[in-house]
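Structural overview
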Amino acid sequence: MADSLPAEFDVVVIGTGLPESILAAACSRSGQRVLHLDARSYYGGNWASFTFSGLLSWLKENQQSSDVGDGSTAAWQDLIRETEGAISLRRRDETIQHAEVFCYAGQDVGDSTEEAEDLQKSPSFAAPNTLTKPLDAACLTEETHSYVTSFEAPAKDTPNNDGEALLEVTDTKETQAKEKKYHGDETCVHTVSDRDRDGNKPEVEGNTDPPKQNRITYSQIVKEGRRFNIDLVSKLLYSRGLLIDLLIKSNVSRYAEFKNVTRILAFREGKVEQVPCSRADVFNSKELTMVEKRMLMKFLTFCLDYERHPDEYQDSIQCSFAEYLHTKKLTPNLQHFILHSIAMTEPSCTTLDGLKATKNFLQCLGRFGNTPFLFPLYGQGEISQCFCRMCAVFGGIYCLCHQVQCLVVDKESGRCKAIIDHFGQRISAEHFVVEDSSLSEDTCANVQYKQISRAVLITDRSVLKTDSDQQISVLMVPPAEPGMSAVRVTELCSSTMTCMKGTYLVHLTCSSSKMAREDLEPVVEKLFTPWVEMEVDEEELTKPRLLWALYFNMRDSSGIRRSSYSGLPSNVYVCSGPDWGLGSEHAVEQAETLFREIFPGKDFCPPPPNPEDIVYDGDDKQPEASGANNVFMAKPELSEGSKNIESLQN
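Residues numbered from 1 in each chain as written. Predicted model: local features only at pLDDT ≥ 70, side-chain atom pairs only at ≥ 80, totals over all residues. Heavy atoms only, no water.

1. Regarding the overall build of the protein
Counting secondary structure elements, the protein contains 16 helices and 24 strands. Put simply, the protein has 650 residues, and 54% of those count as buried. For the protein, the share of sequence-separated contacts (at least 6 apart) that also reach a separation of at least 24 residues comes to 77%. When the accessible surface of the protein is totalled, it reaches about 29,800 Å², and 48% of it is carbon and sulfur. (Helix = DSSP H or I, 4+ residues; strand = E, 2+ residues; numbered from the N terminus. Buried < 20%, exposed > 50% of the residue type's maximum accessible area, 1.4 Å probe, protein only. Contact = heavy atoms within 4.5 Å. Areas by Shrake-Rupley, 256 points an atom, 1.4 Å probe, with all protein chains shown as cover.)

Rendered as structure tokens:
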């Protein structure tokens, strides 16, 4: 029972975000007694993934402005002894702000009057004046309140032991045939009004046009809500990044499946274009001249080995990467592709950071697919759960909906000695890990936080239509004005198990300068057209239609130094929330740094033992030495990026 936990552990971890989950798994794997708590009802914190209805419930929870009463506060204060002090923890997550929801999809005529009325009641959900009515999370049925929190892995994620251990990367082509049986490349608008939908519609004989599909309504989205797995933070995995290496090394990858990102896109002069990533793509590209192709290959070859040629960039080391590219006499076309689609950095980033990002992109090419990126099926929230599962396998204890009231500090030593939970139970430990969002205002009084602007969209088709409707794409939209942030767009198809068939799930992310809607709405207007109830010629629809949109700001606590927090004992360690970067390198680095600080000299997430090599009490025979650590690892192909570039030059 959660109200009768053991009274003593080695490590207590508060929060189930990605860095906390990795750290908890590493501690449990090293033999420590781990208690992992979260006040929320789901795993992942701000790294979580939700079904559509779960997301609306999450929004409703975040909109509640009133905090919990102070009665229980007095109760835990009575439990503090004279020789002890206490550091209270925040009782409500305040990292999400300025959430706004817009529904552009209409309602079915067959929807009940009560349901239609329920969809209009919430004053906290806004809608454009020219579009449909505001939505209310309260109208959802009982079955909609489901969160992606199960530890059960899909039946097909059985590890492959016939050779090296590989991430299970599903080819997008495998699902295309099945998907096309269900829907086509796009969803069309009816050219009849709602009241005439059931009436007789004249048919023109001899019309050879393909039949138009029914429009997607909000009711359909709600009914298919379990098909959605919507990430609070939009991330991709670099194929040679720290997170992929950790997943393979620790064998946590057996709990998840991944898909290749199929396209890198660019937005230039109002058009979306595909960026060539392979030899065939480069030489088939109509966007680059032959001279540009040679210039591009020469520059990328230099980037792969730029450390050995400091004279090539030493004079520009104080310049921005955009200015450095200009000094290399690259064409504007090439400068745009390199800056926004290969390095994927801000124009203001330093020359060294830009070269490093370009090299990382090139080295990640070709390991698992045609692009450097992977995406986890069912969303980014699966990764946190995978590490939680590893922690549980090695003895970690988990409790959700378990509020921690305070940290108990010994006045004499200055060290934290215990926590007191909402049941009033005192739980002792040697080390305590706390997510930043749990710390009180007093503790964070001197901390200067950044903000991330986020948008989640549901659309009817891809931003760049091709023969395949199962594309996973990433696009960087350059800033409209100097000083503003570039906007990263990630578009997911239904085969990623993140949206219903016939739709796309689109994530927009940038560093905040204003409220999320103000930062991101201009980009949304460039790429998408709001759904309108009127006759529209399909040939005139050059942009995907927007069905539903969510905007919100999220706190970015990455980069905060420990010294910025006030009054933390030396054995209390803080994990930050998500940053706005594309990868999850910061979370892995933070988890490993804290682990080595807590347990110096111990291995960080070592490979699990082979079951055949485990010696049980009473076994008469010892395992053969040759079987020790028989864990299959992905072979590091360090020269893969160089091979890709060399093949492009031949």
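Structure's up, so let's keep going.
2. Thoughts on the sheet that holds strand β2 (residues 34–37)
Spatially, β13-β2-β1-β17-β24 is the arrangement adopted by the 5 strands of the open sheet, whose pairing is parallel. Of all strands in the sheet, those with a lone pairing partner are β13 (397–399) and β24 (572–575), marking the two edges. Averaged over neighbouring strand pairs, the angle between their axes works out to 15° when direction is ignored. With 3 bridges joining them, β2 and β13 adopt parallel strand pairing. Residue pairing across strands places H36 opposite Y398, the latter belonging to β13. On top of the sheet, helix α13 (residues 381–393) reaches β2 and β13; it is set at about 130° to β13, its chief contact. Strand contacts of helix α15 (residues 585–598): β17 (431–435) and β24, with the helix running at about 170° to β24, the strand carrying the most contacts. (Pairing = 2+ DSSP bridges. Axes fitted to C-alpha atoms, helices over the stretch in contact; angles between N-to-C directions.)

3. Focus on the pattern of salt bridges
Following the criterion strictly, the structure yields 22 salt bridges and no others. Here E100 ties to R517 by a salt bridge, and the two come within 3.6 Å at their closest N and O atoms. With E100 in strand β5 (residues 96–103) and R517 in helix α14 (residues 516–527), this residue pair connects regions lying 417 residues apart in the sequence. Taking the relative accessible area as the measure of exposure, E100 reaches 17% and is therefore buried. Residue R517 is classed as partly exposed on the basis of its relative accessible area, which comes to 28%. (Salt bridge = Lys/Arg side-chain N within 4 Å of Asp/Glu carboxyl O.)

4. Looking at the side chain of N571
Within the fold, N571 resides in the loop between β23 (545–556) and β24. In this structure the side chain of N571 is engaged in a polar contact, spanning 2.8 Å, whose partner is the backbone oxygen of C416. Each residue touching N571, except ones within four places of it in the same chain, is listed here: R415, C416, E430, H431 and F432. (Polar contact = N/O pair within 3.5 Å; in protein donor to acceptor, adjacent residues only side chain to side chain.)

5. Quick word on the packing of helix α11 (residues 332–342) against helix α12 (residues 351–364)
Following both chains from N to C, one finds α11 and α12 inclined at 75°, their axes separated by 10 Å at the closest point. When the axes of α11 and α12 are compared, the pair comes out roughly perpendicular. Along the contact surface, α11 presents I338, S341 and I342, while α12 presents A357, T358 and F361. Grouping the amino acids of the contact of α11 with α12 by side-chain chemistry returns 4 nonpolar, 2 polar and no charged. (Parallel < 35°, antiparallel > 145°, perpendicular 65-115°, else oblique. Nonpolar A, V, L, I, M, F, W, Y, C, P; charged D, E, K, R; others polar.)

6. Looking at the sheet that holds strand β14 (residues 404–410)
In spatial order, the strands read β4-β14-β15-β16; together these 4 strands make up an open sheet with antiparallel pairing. Two strands bound the open sheet, and with one partner strand each, they are β4 (84–88) and β16 (426–428). Across the sheet, the axes of successive neighbouring strands diverge by a mean angle of 30°, strand direction being ignored. Where strand β15 (residues 416–421) and β16 come together, 3 bridges link them in antiparallel fashion. Looking at the pairing, I420 lines up with R426 of β16.

7. Quick notes on the packing of aromatic side chains
What the rule picks out here adds up to 15 aromatic pairs. Residues Y42 and F50 carry aromatic rings whose centres are separated by 4.8 Å and whose planes lie at 75° to one another, so their mutual orientation is edge-to-face. You can call Y42 buried: its relative accessible area is 5%. A relative accessible area of 0% places F50 in the buried class. Here the aromatic rings of Y306 and Y313 are separated by 5.8 Å at their centres, their planes lie at 65°, and the arrangement is edge-to-face. The class for Y306 is buried, based on a relative accessible area of 8%. An aromatic cluster is built from Y42, F50, W58 and F552, whose rings are joined through pairwise contacts. The positively charged end of R555 is found above the aromatic ring belonging to Y449, 4.2 Å away from the centroid. Its guanidinium or amino end placed over the ring of Y573, R562 lies 6.0 Å from that ring's centre, counting from NZ or CZ. (Phe/Tyr/Trp six-rings, centres within 6.5 Å; stacked < 30°, edge-to-face > 60°. Lys NZ or Arg CZ within 6 Å of the ring centre and 35° of its normal.)

8. Considering the packing of helix α9 (residues 290–304) against α11
Between α9 and α11, the shortest axis-to-axis distance is 10 Å and the interhelical angle comes to 45°. One way to sum up the angle between α9 and α11 is to call them oblique. You can see that α9 and α11 cross each other, and the crossing is right-handed. Contacts from E292, M295, L296, F299 and L300 of α9 reach α11 at N333, L334, I338 and I342. Each residue belonging to the contact of α9 with α11 can be placed in one class, and the counts come to 7 nonpolar, 1 polar and 1 charged. (Left-handed = near helix turned anticlockwise from the far one by under 90°.)

9. Things to note about the side chain of S437
Looking at where S437 falls in the secondary structure, it is placed in the loop between β17 and β18 (450–459). Polar side-chain contacts of S437 include one of 3.5 Å to the side chain of R40. The residues touching S437, leaving out its near neighbours within four places in the chain, are R40, R90, D93, T95 and R555.

10. Things to note about the pairing of strand β11 (residues 271–274)
Successive residues of a regular strand alternate their side chains across the two faces of the sheet. For strand β10 (residues 263–268) and β11, the ladder comprises 4 bridges, and the chain directions are antiparallel. Counterpart to L265 in the pairing with β11 is Q274. Taken together, β10 and the strand that follows it, β11, pair antiparallel across an intervening segment of 2 residues, in which E269 is found at a positive phi of about 55°.

11. Some words on the layout of surface pockets
The volume enclosed by the largest pocket comes to roughly 950 Å³. Looking at the largest pocket, it is lined by 32 residues, and the ones nearest its centre are Y238, T345, A357, N360 and G581. When contributions to the lining of the largest pocket are tallied by element, the ones reaching two or more residues are α12 and α15. It is α12 that provides the largest number of residues to the lining of the largest pocket, a total of 7 residues. (1 Å grid on protein atoms, 1.4 Å probe; cavity = no way out; pocket = protein on both sides within 12 Å on 5 of 7 lines; lining within 4 Å. Points joined across faces, edges and corners; volume = space filled by probe spheres on them.)

12. Looking at the confidence of the model for the protein
Taken residue by residue, the protein gives an average pLDDT of 79. The fraction at 70 or more is 73%. Residue range residues 65–71 is modelled with pLDDT below 50. Its contacts to residues more than four positions away, or to other chains, number 6 contacts. (pLDDT = per-residue confidence, 0-100.)

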